[in-house]
Amino acid sequence: MALLKVKFNQKKRVKLAQGLWLMNWFSVFAGILVFSMGLFLKIELRKRSEVMDNSESHFVPNSLILMGILSCAFNGFAGKICYDSLDPAKFAKWKPLLKPYLALCCIFNMLLFFVALICFLMRGSLDSTLAQGLKNGMKFYRDTDTPGRCFMKKTIDMLQIEFKCCGNNGYKDWFEIQWISNRYLDFSSKEVKDRIKSNVDGRYLVDGVPFSCCNPSSPRPCIQYQVTNNSAHYSYDYQTEELNLWRRGCREALLNYYSGMMSSMGAIILLVWLFEMSVMVGLRLLHTSLESIANPEDPECESEGWVLENSLKDTFKSALENLKKLGKFNQVEAGAEGAEGEEGGKTPAITTVS
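The protein chain carries the name Peripherin-2 in an unreviewed UniProt entry, which gives Regulus satrapa as its organism. Here the protein chain is described in UniProt, under the heading Subcellular location (unreviewed entry), as follows: "Membrane". Quoted verbatim from the Sequence similarities (unreviewed entry) field of the UniProt record, the comment on the protein chain reads "Belongs to the PRPH2/ROM1 family."

Below, the structure is given as structure tokens:
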């Protein structure tokens, strides 16, 4: 029994073709939307590529751009088919291409669904990328005189101000690295010498943070240095008092920003996928209803359209049998080639008479 079997007359076929033509052009605009989302996400990721460890995060925007282009191409072509289906003479040239085209549409829709899932599942990969990238970026914060790294200070400062964050996981991350350049340290000072000597790696570590970690909304002037020294500040206890520094780490801030963006895009792509699936089903019904016309010279006669010629179970069994036959055919060919090789390798015996 055919799946989703529907009876059509000429009026219904014309309405279906016209409706599909309109839906395909809506799908073209949806493809442009998907392409635009991928381009926007790629630009946003490139803005902060300095604090990302690798380029794996660009897999999602690249996939969106590709799917957007394919959607425009596939749906534009389908729109042309639907338009020509109103004229039997024009539709005749498309008949041989419809089955391969519908098979390509199935593959395209599977890929589109996969891209939508990836948008929701990229959080873990993005988390590790940001964690390592921010860690490296903070190490290069002081290298304002080093070619290729001189921009890192500005990048980190602007990032912390824009996203209201501090450090990788929190403000204490700055205590573990030397973020002040040696050119601004007085090496004749006893305090500087003692701090450098007390560190195994010879680094100048302080319990301070860059100015960009300060929260301008705090009523108290920013405590940027000696953050953990209660006696250095009046009426201050860093363990109990609400610090006037951003408490959230930049990794969490960026992760929430990009994850939220990708989740929204994933939801939009799922809606586009559902729309594309309905267009593909409609195109299949149009294709089968036109092919099943009993008398092609009488276009007004009734016909039947279906999505699958047999039930889902029977179609699945048939596909499995075809795959098994294909596997057996390959085995027979391989066996025949091996037999030919063995025959060719045999050396005919020569008897000599003395």
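### A few points about the environment of Ser259
One can find Ser259 in helix α8 (residues 250-291). Put simply, Ser259 and Leu126 are 133 residues apart on the chain and 8.4 Å apart in space, counted from C-alpha to C-alpha. Here Leu255 takes part through its backbone oxygen, which lies 2.7 Å from a polar atom of the side chain of Ser259.

### Brief notes about the pattern of salt bridges
One side chain can pair with another of opposite charge once the charged atoms of both are near each other. In total, this model carries 11 salt bridges according to the counting rule given. In this structure, Glu44 engages Lys47 in a salt bridge whose closest nitrogen and oxygen atoms are separated by 2.9 Å. Of the two residues, Glu44 and Lys47 are both situated in helix α1 (residues 10-47); the distance of three residues between them amounts to about one turn of the helix. The exposure class assigned to Glu44 is buried, which follows from its relative accessible area of 6%. The partner of Arg183 in a salt bridge is Asp145, with the nearest N and O atoms 2.8 Å apart. With Arg183 in the loop between α6 (152-163) and α7 (190-197) and Asp145 in the loop between α5 (123-139) and α6, this pair connects stretches of sequence that are 38 residues apart. On the basis of relative accessible area, Arg183 is assigned to the exposed category, the value being 52%.

### Let's talk about the state of the cysteines
If you walk through the whole model with that rule in mind, you get three disulfides. Note on cysteine connectivity: Cys214 is disulfide-linked to Cys222, with sulfurs 1.8 Å apart. Every disulfide takes its handedness from the sign of the S-S torsion; for Cys214 and Cys222 that torsion is -65°, giving left-handed. You can call Cys214 buried: its relative accessible area is 16%.

### Digging into the nonpolar core
Residues Leu41, Leu64 and Trp174 are the most contacted members of the largest nonpolar core, which totals 81 residues. Every element with two or more residues in this core is listed here: α1, α2 (59-84), α4 (95-121), α5, α6, α7 and α8. Looking at this core, the element that brings in the most residues is α8, giving 16 residues. Both of domain 1 (3-137 + 252-307) and domain 2 (171-247) provide at least three residues apiece to this core. The residues contacting Trp174, other than those within four sequence positions of it, are Met138, Tyr141, Ile156, Gln160, Cys166, Gly167, Trp179, Val206, Gly208, Val209, Pro210 and Cys213.

### With respect to the packing of aromatic side chains
Geometrically, a pair of aromatic rings is defined through the distance of the ring centres and the angle of the planes. In the structure shown here, the tally under the stated rule is 11 aromatic pairs. Judged by centre distance (5.9 Å) and plane angle (75°), the ring pair of Tyr171 and Phe175 falls under edge-to-face. Residue Tyr171 shares its accessibility class with Phe175, and that shared class is buried. Judged by centre distance (5.1 Å) and plane angle (65°), the ring pair of Tyr257 and Tyr258 falls under edge-to-face. According to the relative accessible area criterion, Tyr257 is partly exposed, its value standing at 30%. For Tyr258, a relative accessible area of 0% gives the class buried. Put simply, the rings of Phe74, Phe77, Tyr101 and Phe108 pair up and form one aromatic cluster.

Each value, and the rule that gives it
- Here the residue index of a chain counts from 1 through its sequence in written order.
- Only residues with pLDDT of at least 70 are given local features in this predicted model, and only at 80 or more are side-chain atom pairs given and counted; all residues enter the totals for whole chains, interfaces and linings.
- Side-chain measures here rest on the full set of heavy atoms in the structure, leaving out hydrogens and waters.
- UniProt positions are given in the numbering used here, feature names are shortened, and annotations may be inferred rather than shown by experiment.
- A run of H or I in DSSP counts as a helix once it spans at least four residues, and a run of E counts as a strand once it spans at least two, with each numbered from the N terminus.
- Here a polar contact means two N or O atoms within 3.5 Å. Within protein one must be a hydrogen donor candidate and the other an acceptor candidate, and residues neighboring in sequence count only if both atoms are side-chain atoms.
- We count a salt bridge whenever a side-chain nitrogen from Lys or Arg sits within 4 Å of a carboxyl oxygen from Asp or Glu.
- Partly exposed describes any residue whose relative accessible area lies between the buried limit of under 20% and the exposed limit of over 50%, with all areas from a 1.4 Å probe on protein chains only and scaled to the type maximum.
- Pairs of cysteine sulfur atoms within 2.5 Å are identified as disulfides in what follows.
- The set of buried Ala, Val, Leu, Ile, Met, Phe, Trp, Tyr and Cys residues whose side-chain atoms join them within 4.5 Å is what this entry labels a nonpolar core.
- Domain start and end points were adopted from an automatic or database domain assignment.
- A contact between two residues is defined here by any heavy atoms of the two lying within 4.5 Å.
- To pair, rings of Phe, Tyr and Trp, with the six-membered ring standing in for Trp, must have centres within 6.5 Å; the planes then decide the type, stacked if under 30 degrees apart, edge-to-face if over 60, and tilted in the middle.

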